[in-house]
Amino acid sequence: MKLKNKNKLGISSLSLAITMALSGLATSALAAEEETADLSNVEKIAVVGSRAAPRSMGDSPVPIDIIGADEIKKSGNSDMLEILKGTVPSLNVHSNPISDAASLVRPANLRGLPADSTLILLNGKRRHRSSVIAFLGGGINDGAHGPDISVIPSAALKQVEVLRDGAAAQYGSDAIAGVINFVLKDDAQGGSIEAKAGEYYEGDGTTTEINGNVGMPLTKDGFVNLSFQYKNSDPTSRSTQRPDAAAFGEAGLTVDNPAQVWGSPEIKDDISLFANVGLDLDDKSQAYLFGNYSERDVKGGFYYRNPHNRPGVYSNDDGATLLVGDLTPGPVGQVNEGLGMGDGISCPTINITSANVTTQQDYIDGVQNNPNCFAFNEMEGLAAGFTPNFGGNIVDASIVAGTKGEFEIEWLEGVLYDFSGSFGQNASSYMIYNTLNASMGPDSPRDFNPGKYTQTEWNFNADFVKFVDWGMADDVSLAGGLEWHEETFEVTAGDEPSFKVGPLTSQGFGIGSNGFPGFQPSAAGEYTRRNAAAYIDASLPITDSLLAELAVRYEDYETFGSTVNYKIAANYSILDEWAVRGSFNTGFRAPTVGQANVSNVQTNLSDGVLVDSALLPPTNPISVQLGGTELSPEESQSFTFGTIYTQGDFFMTVDYYNIQVEDRISQSDKISLTDADKAALKAAGVPNVDGLSQVSFFTNDFDTTTQGVDVVANYTAELLAGDSSFSLAYNWNETEVDRFSDITGDFKVQRLENDLPKHRATFTWGQGWDSFGLFTRVNYFGEYQGVHVDYDATVVTGSAAVTVDMEFSYFINDSFTLAIGAQNLLDQQAEKLDFEKNSGIPNNNWGGQYYETSPFGFNGGYYYVKGTYNF
């Protein structure tokens, strides 16, 4: 498909020369004297979105938040996503108790759009995607495929710049919602080391962390800045015993309490190493190099398997009869040699007529005491069912190298250049524990490696800037550049038992590791796409009061063709203290290679029943049969309009935004399979068809309009015998689905429009004295849609809530600081499950206590202590 100069397609150009922005973030009390000085005259400068010279906040045509290193430290959290959520009200992050791969890499939502609609940069360079696709993404993130932000340690950061406007005209795909740029420290001396420990008020989720940073000179003309973070986090449990598991306990079986854990996963040996290196080659040029290596092991809960009715394992008729396999040896040379149907199924039919089938006499005589007949209830540890644990090993690595400076060639005099190349890779190797491959019968192992996803990206960029005198109020900055990008998504097959078609398959036993079957060799392979781009952008200081910015980008993809996108932005100063600003841009988001090619089998709840569903490529024959088509890019257009007011130490911005996205890419609703569909699946070579209940695929199937308002106010003063800084940030955000089909489904539309709170706000107070510092943040979360286990019958309106974060610091001397703090200090609880009165379904039917869509999580209060040594 060829996309020609469509105005709706576009990427917001950002020639935004950008910005100092005290936007939304109070600068907290600092440990050193210079840090506790009056901050009103300090300009925070952001480079995100600008290919030319950065500008101060008052001149910026678009809104940006700057999160300084000190505020990052005082957030009290080790997870970068949680740090950002606490400081940027338009950013939402959900906890994921049971959500397949989304438990390993959590998605985040800026301005109500999915995680892969926000462009992530590191030192201004595009960051590679994660290998994890959020198959169970809680509605808004279903199928999202974005970068893994959590690998970036706070110790490595100089600041974080959050651009709340589109930026695709410079960087290409993914910047519909905005841009987050992580800026690494570049100090050539000094450093710090910090140790921190904390846990939730409930006594679980214990976290220990050590992080550090050191700056060293690289000869007299450069620097080497190194950072590390190492942490471990215990799991949490906000569970109650499932009624069905409790009933088996009462019937005499040994059942764990809880049988199924709802909570945050365990994170072990989470290590991140970052390096940032710069060297002046001469007076006009510099070489730079930065990158990372990160690795962690994650292990979380899965759904409980009921020993009477789990399909493919215990029963295939919803618990009416027990699934019994005939182990009579088959003829030599046959598929079932030594184990299988033998001379016909002669095992008895066991009707499940009691609360514990293993106590029934027909089970004892026909299965337990019959060596030729088999049921999983007789295996050690499986009589009361089982609960798999899902996890994986995540490895993330990247390196960026380049040189920048000013040409010394006469005919290129005054032209600035930046040449760079980058490599990034993220690999997720999955594990599933305490489960089985039912088709293998009693020979099944209990732990499996279902396979591996690997995302690899290469980028090469050439960027240029020239300042020219066109007779305007100041020099015009002209920027342009070229980019080449290659993206590869690789699927590695799992170990053989994870996908093996065992000898009991023909008797109705399920194939593959139950809960997450392994990737078969036929599904393994590499899928690659390349694209190239060229852009130009101009910053025009037309008068002393009016700055205009223009940008346009041409992008060509080898799969779906080319697109042209543009952005127009302006800032007009009405008075010295008051300015207005606005922008209009077109944008697009290309489907990822993973979204176009991935296939997977997952276990999810459908109408309250645990079922297996297959995610297939949209071009798979069965997907096509159900309405799937080849993916095309999302198209967007958006505009912002706002005002900036500055009076002395007071600074305030108000911005309205409107984002229209057409042909949004997401995972379809899960479509129930008919017998005809299953016959087509078998013909297409899909395994374990009889055990599948549903199919989904990625699709361009709906349009949305998202609008909102951001208000940011900052004030600094000398108060209470010290230095004070105050910040208030508020966001109103609303999404409406304008078009959708049956493939999307009414419930998903409901989730897109209502899951996230429409109102969020934070108020921050930072106070610094000679020997003490205090940091306080009050967070407001408006009403939201409470959903549990992705089931529409559980929906309620979650109440608005307020949480308080606080940290108190004692500066022992210039080098040592001791701090204690708490997140959710007052232990505000998430919305408790209460859908029984609406649906008649028992509240604890799936073992949870809270609605998982709670915008501030479900774990409650968390306290910590930390010590820091600065040198």
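Residues numbered from 1 in each chain as written. Predicted model: local features only at pLDDT ≥ 70, side-chain atom pairs only at ≥ 80, totals over all residues. Heavy atoms only, no water.

Participant: I'd like a rundown of the overall build of the protein chain, residues and numbers included.
Facilitator: Scanning the protein chain for helices and strands turns up eleven helices and 36 strands. Within the span of the protein chain, comprising 871 residues, buried residues form 60% of the whole. Considering only contacts within the protein chain whose residues lie at least 6 apart along the sequence, 72% involve residues at least 24 apart. For the protein chain, the exposed area adds up to about 31,500 Å²; of that, 54% sits on carbon and sulfur atoms. (Helix = DSSP H or I, 4+ residues; strand = E, 2+ residues; numbered from the N terminus. Buried < 20%, exposed > 50% of the residue type's maximum accessible area, 1.4 Å probe, protein only. Contact = heavy atoms within 4.5 Å. Areas by Shrake-Rupley, 256 points an atom, 1.4 Å probe, with all protein chains shown as cover.)

Participant: Describe the environment of Val224, naming the residues involved and giving the relevant values.
Facilitator: Within the secondary structure, Val224 sits in strand β10 (residues 222-233). Note on Val224: relative accessible area 15%, which makes it buried. Among residues more than four places away in sequence, those in contact with Val224 are Asp187, Val214, Gly215, Met216, Leu218, Asn276 and Val277.

Participant: Which residues make up the pairing of strand β31 (residues 772-781), and what are the values?
Facilitator: Extensive coverage of β31 is indicated by the burial of seven of its ten residues. Sheet analysis places strand β30 (residues 759-768) next to β31, joined by nine bridges and oriented antiparallel. Note on β31: the bridge partner recorded for Gly766 is Phe775. Counting the residues in the hairpin turn of β30 and β31 gives three residues. (Pairing = 2+ DSSP bridges.)

Participant: Could you give an account of the sheet that holds strand β4 (residues 118-122), naming the residues involved and the relevant values?
Facilitator: Taken in spatial order, the five strands line up as β1-β6-β7-β4-β5 in an open sheet, and their pairing is mixed. A single partner strand is all that each edge strand has here, and the edge strands are β1 (64-68) and β5 (125-126). Bridge count for strand β6 (residues 157-163) against strand β7 (residues 178-184) is six bridges, and the pairing is antiparallel. Among the inter-strand pairings, Val160 is bridged to a residue of β7, identified as Phe182. Most of the contacts of helix α2 (residues 80-87) go to β7, to which it runs at about 120°, and overall it touches β1, β6 and β7. (Axes fitted to C-alpha atoms, helices over the stretch in contact; angles between N-to-C directions.)

Participant: So what's going on with the packing of aromatic side chains? Which residues, and what values?
Facilitator: Under the criterion given, the structure shown has 38 aromatic pairs. With centroids separated by 6.3 Å and ring planes inclined at 80°, the aromatic side chains of Tyr430 and Phe519 adopt a geometry described as edge-to-face. With Tyr430 in strand β16 (residues 415-433) and Phe519 in the loop between α6 (496-499) and β19 (525-541), the pair connects residues that are 89 residues apart, well separated along the chain. With a relative accessible area of 4%, Phe519 lands in the buried category. Seen from the ring of Tyr657, Arg111 lies directly overhead, with NZ or CZ sitting 4.5 Å from the centre. Over the aromatic face of Tyr864 sits the side chain of Lys196, whose NZ or CZ is 5.8 Å from the ring centroid. (Phe/Tyr/Trp six-rings, centres within 6.5 Å; stacked < 30°, edge-to-face > 60°. Lys NZ or Arg CZ within 6 Å of the ring centre and 35° of its normal.)

Participant: Which residues make up the pattern of salt bridges, and what are the values?
Facilitator: Applying the stated rule across the entire model yields 28 salt bridges. For Asp174, the salt bridge goes to Arg126, with nearest N and O atoms at 3.4 Å. Placement of the pair is Asp174 in the loop between α3 (168-171) and β7 and Arg126 in strand β5, with a sequence separation of 48 residues. Of the charged contacts, one joins Asp703 and Arg739 as a salt bridge, the two residues approaching to 2.9 Å between their closest N and O atoms. Of the two residues, Asp703 is situated in strand β28 (residues 692-719) and Arg739 in strand β29 (residues 722-739); the sequence distance between them amounts to 36 residues. (Salt bridge = Lys/Arg side-chain N within 4 Å of Asp/Glu carboxyl O.)

Participant: How would you sum up the environment of Val749? Please name residues and give values.
Facilitator: Relative to the helices and strands, Val749 is located in helix α10 (residues 746-754). With eleven residues separating them along the chain, Val749 and Asp738 place their C-alpha atoms 9.7 Å apart. Every residue in contact with Val749, bar those within four places of it in the chain, is listed here: Val737, Phe740 and Thr744.

Participant: Which residues make up the pairing of β4, and what values go with them?
Facilitator: Consecutive side chains along a regular strand alternate between the two faces of the sheet. In terms of residue burial, β4 counts as a mostly covered element, since five of its five residues are buried. Judged by which residues are buried, β4 turns out to be covered on both faces: Thr118, Ile120 and Leu122 on one side and Leu119 and Leu121 on the other are all buried. Inspection of the sheet shows β4 paired to β7 by five bridges, in the parallel sense. The residue of β7 that forms the bridge with Leu119 is Val179. Sheet analysis places β4 next to β5, joined by two bridges and oriented antiparallel. Bridged to Leu122 within β5 is Lys125.

Participant: Account for α10, naming residues and giving values.
Facilitator: Those residues of α10 that sit buried are Phe747, Lys748, Val749, Arg751 and Leu752. Against the buried residues of α10 lie β26 (650-667), β28, β29, β32 (784-788) and β33 (791-798).

Participant: Go over helix α4 (residues 243-250) with me, naming the residues and quoting the values.
Facilitator: When α4 is considered as a whole, its buried residues turn out to be Asp244, Ala245 and Phe248. All buried residues of α4 project into a common sector of 100° when viewed along the axis, lining one side. The positive-phi residue at the C-terminal boundary of α4 is Gly252, with phi of around 105°. (Arc of directions from axis to C-beta.)

Participant: Outline the environment of Leu157, listing residues and values.
Facilitator: With respect to the helices and strands, Leu157 occurs in strand β6. Assessed through its relative accessible area of 0%, Leu157 is described here as buried. Spatially, the C-alpha atom of Leu157 lies 9.1 Å from that of Asp186, the residues being 29 residues apart in sequence.

Participant: Can you break down the side chain of Thr387 residue by residue, with the values?
Facilitator: Tracing the backbone through its elements, the reader meets Thr387 in the loop between β14 (373-374) and β15 (389-406). We classify Thr387 as buried; its relative accessible area is 13%. Among the polar contacts listed, one links the side chain of Thr387 to the backbone oxygen of Ala259, at a separation of 2.7 Å. Apart from the residues within four sequence positions on either side, Thr387 is in contact with Ala259, Gln260, Phe302, Tyr303, Tyr304 and Asn434. (Polar contact = N/O pair within 3.5 Å; in protein donor to acceptor, adjacent residues only side chain to side chain.)

Participant: Help me get a handle on unusual backbone geometry, residues and values and all.
Facilitator: With an omega of 5°, the peptide bond running from Asn257 to Pro258 counts as cis. Position of Pro258 among the secondary structure elements: in the loop between α4 and β11 (266-282). A positive phi angle is found at Thr219, which is not glycine, with a value near 55°. Its location among the elements puts Thr219 in the loop between β9 (207-217) and β10. Judged by its relative accessible area of 56%, Thr219 falls in the exposed class.

Participant: If you had to explain the side chain of Glu82 to someone new, which residues and values would you point to?
Facilitator: Take Glu82: it is sitting in helix α2. Within the local environment of Glu82, its side chain forms a polar contact with the side chain of Lys85, the two groups lying 3.2 Å apart. With residues up to four places along the chain from it excluded, the contact list for Glu82 reads Asn77, Val93 and Arg106.

Participant: Give me the lowdown on a nonpolar patch on the surface, citing residues and values where you can.
Facilitator: Together, Ile193, Ile210, Phe772, Phe808, Tyr810, Ile812, Phe816, Leu818, Ile820, Val865, Tyr869 and Phe871 line one region of the surface with nonpolar side chains, adding up to about 1,100 Å² of accessible area. Going through the elements one at a time, β34 (801-811), β35 (816-823) and β36 (862-870) are the ones with two or more residues in the nonpolar patch. It is β35 that provides the largest number of residues to the nonpolar patch, a total of three residues. For Phe871, the position within the fold is in the segment after β36. (Patch = residues over 30% accessible without salt bridge, like charges linked within 9 Å, V, L, I, M, F, W, Y side chains within 5 Å.)

Interpretation in functional terms is not warranted from these geometric data alone.
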